[in-house]
Amino acid sequence: MGAQSFSLTFLSKTPKSSPSKIPTTKSTILNLLPYKLLNVNKFSKPNSFSLTITKPSKRPKPISHFQPIRSLFTGIVEEMGKVQNLGDNKDGGVELKIGAETVLEGVNLGDSIAVNGTCLTVTDFTNQDFTVGLSPETLRKTSLIELKIGSLVNLERAVQPISRMGGHFVQGHVDGTGVIVEKVPEGDSLWIKVKTEKGLLKYIVPKGFIAVDGTSLTVVDVFEEEGCFNFMLVSYTQQKVVVPLKEVGQKVNLEVDILGKYVERLLSSRC
């Protein structure tokens with residue numbers, strides 16, 4: 001019936017009334033209907049009715065507990081950039097300037113670039129470097145605060161509709177950090193073990209995806225009692241990313257697979 005809903009309430013044992021005594025307001029309401037719903041003359045006998053018109057109630061919008069996805073990455077590092085400056089800017093914030101080549105191709109102000117897996121916005125650039133701002137939350141949540149002039153960082157531009165998905169869905173929303181506790185070579189490959197908090201470890205599963213400093217990697221094993229997980233880097237990957245350059249005790253940014261979070265949220269909403 002359109003945007004309006006109608007409800008009929010029948011009253012039993014009501015006094016008899018003649019058609020001529022039907023209230024004018026009732027007739028007026030009926031005349032406003034999009035079509036003739038009922039014949040008023042039929043209600044001269046008992047069991048008259050009252051007609052009410054109610055507007056549809058607006059349901060409150062559900063509250064989302066997830067950050068909106070503004071950019072998407074694959075975890076396939078395009079190049080390693082070099083930190084040129086990290087410090088306060090004239091507005092009282094913190095900015096990071098990075099020397100690069102590949103990610104500057106076609107760059108524009110406002111573009112998103114993942115720096116060690118952290119989605120950051122380009123605020124300035126030249127043909128040799130670009131600058132991004134770092135919020136207090138970013139500095140608290142990630143390992144970027146440990147960078148210094150000369151540090152190498154993983155860089156990746158946000159994917160485009162024509163991009164190939166070589167890794168997995170990476171949002172650039174760092175969930176937390178881990179600490180490298182072990183590095184063991186095996187042939188030309190390298191085993192790396194990382195310790196992290198239990199709140200993140202529950203989302204990490206053997207043979208599952210994880211982004212470590214923005215690099216899409218496959219988890220090999222999870223050590224619940226130690227609060228650790230490990231992965232292996234082949235020779236080619238070791239030459240293209242910063243993780244093997246870090247020493248035991250240094251931090252790495254971690255982003256767990258978003259699918260695990262969605263499953264947890266769906267299951268908890270059913271309770």
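One can find the structure itself at the top, above this paragraph.
Note that the structure is a prediction, hence the values are computed from the model and not measured.

K.L.:
Explain the overall build of the chain to me, using residue names and the numbers behind them.
P.N.:
For the chain, the helix and strand inventory stands at five helices and 15 strands. Across the 271 residues of the chain, 38% fall into the buried class. Considering only residue pairs separated by 6 or more positions, the chain has 70% of its internal contacts joining residues 24 or more positions apart. A total accessible area of about 17,000 Å² is found for the chain, and carbon and sulfur atoms account for 54% of it.

K.L.:
Kindly report on the side chain of Lys261, identifying the contributing residues and their values.
P.N.:
Inspection of the secondary structure puts Lys261 in helix H5 (residues 258–269). Given a relative accessible area of 18%, Lys261 falls into the buried group. Within polar-contact distance, the side chain of Lys261 engages the side chain of Asp175 at 2.4 Å.

K.L.:
So what's going on with the pattern of salt bridges? Residues and values would help.
P.N.:
For the structure on display, the rule yields six salt bridges. A salt bridge links Asp175 to Lys261; the shortest N-O distance between them is 2.4 Å. Placement of the pair is Asp175 in the loop between strand S8 (152–157) and strand S9 (176–186) and Lys261 in helix H5, with a sequence separation of 86 residues. Accessibility classification places Asp175 together with Lys261 in one group, the buried group. A salt bridge links Asp213 to Lys246; the shortest N-O distance between them is 2.8 Å. Remark: Lys246 occurs in the loop between helix H4 (235–238) and strand S15 (251–256) and Asp213 occurs in the loop between strand S11 (209–212) and strand S12 (215–218); sequence separation between them is 33 residues.

K.L.:
Please set out the sheet that holds S11 residue by residue, giving values where relevant.
P.N.:
One key point about sheets: their strands pair by backbone hydrogen bonds, in either a parallel or an antiparallel sense. What the seven strands build is an open sheet, ordered S12-S11-S15-S9-S10-S14-S13; its pairing is antiparallel. With partners counted over all chains shown, the strands left at the sheet margins are S12 and strand S13 (221–223), one partner each. The mean inter-strand angle of the sheet, taken between neighbouring strand axes irrespective of direction, is 35°. As judged from the four bridges shared by S9 and S15, these two strands associate in the antiparallel manner. Bridge assignment links Gly178 to a residue of S15, and that residue is Val252.

K.L.:
Can you tell me about the environment of Gln128, naming the residues and giving the values?
P.N.:
Mapped onto the elements of the fold, Gln128 is located in the loop between strand S6 (118–125) and strand S7 (129–134). The class of Gln128 is exposed, set by a relative accessible area of 56%. Taking the C-alpha atoms as reference, Gln128 lies 9.8 Å from Thr102; in sequence the two are 26 residues apart. Discounting chain neighbours no more than four positions away, the residues touching Gln128 are Ile98, Gly99, Ala100 and Leu104.

K.L.:
An account of the packing of aromatic side chains is requested, with residue identities and associated values reported.
P.N.:
Inspection of every chain in the model, using the stated rule, returns one aromatic pair. With a centroid separation of 6.2 Å and 35° between ring planes, the pair formed by Phe229 and Phe231 is classed as tilted. For Phe229, a relative accessible area of 0% gives the class buried. Over the face of the ring belonging to Phe223 we find Lys193, whose NZ or CZ atom lies 4.3 Å from the ring centre.

K.L.:
Talk me through the sheet that holds strand S3 (residues 79–88); I want residue IDs and the actual numbers.
P.N.:
Spatially, the six strands close up into a barrel ordered S3-S4-S7-S6-S5-S8, and their pairing is antiparallel. In this sheet, neighbouring strand axes are inclined to one another by 45° on average, regardless of whether the strands run parallel or antiparallel. With six bridges joining them, S3 and strand S4 (residues 94–99) adopt antiparallel strand pairing. Each residue of the ladder has a partner; that of Asp88, found in S4, is Val94.

What counts and what doesn't
Residues numbered from 1 in each chain as written. Predicted model: local features only at pLDDT ≥ 70, side-chain atom pairs only at ≥ 80, totals over all residues. Heavy atoms only, no water. Helix = DSSP H or I, 4+ residues; strand = E, 2+ residues; numbered from the N terminus. Buried < 20%, exposed > 50% of the residue type's maximum accessible area, 1.4 Å probe, protein only. Contact = heavy atoms within 4.5 Å. Areas by Shrake-Rupley, 256 points an atom, 1.4 Å probe, with all protein chains shown as cover. Polar contact = N/O pair within 3.5 Å; in protein donor to acceptor, adjacent residues only side chain to side chain. Salt bridge = Lys/Arg side-chain N within 4 Å of Asp/Glu carboxyl O. Pairing = 2+ DSSP bridges. Axes fitted to C-alpha atoms, helices over the stretch in contact; angles between N-to-C directions. Phe/Tyr/Trp six-rings, centres within 6.5 Å; stacked < 30°, edge-to-face > 60°. Lys NZ or Arg CZ within 6 Å of the ring centre and 35° of its normal.

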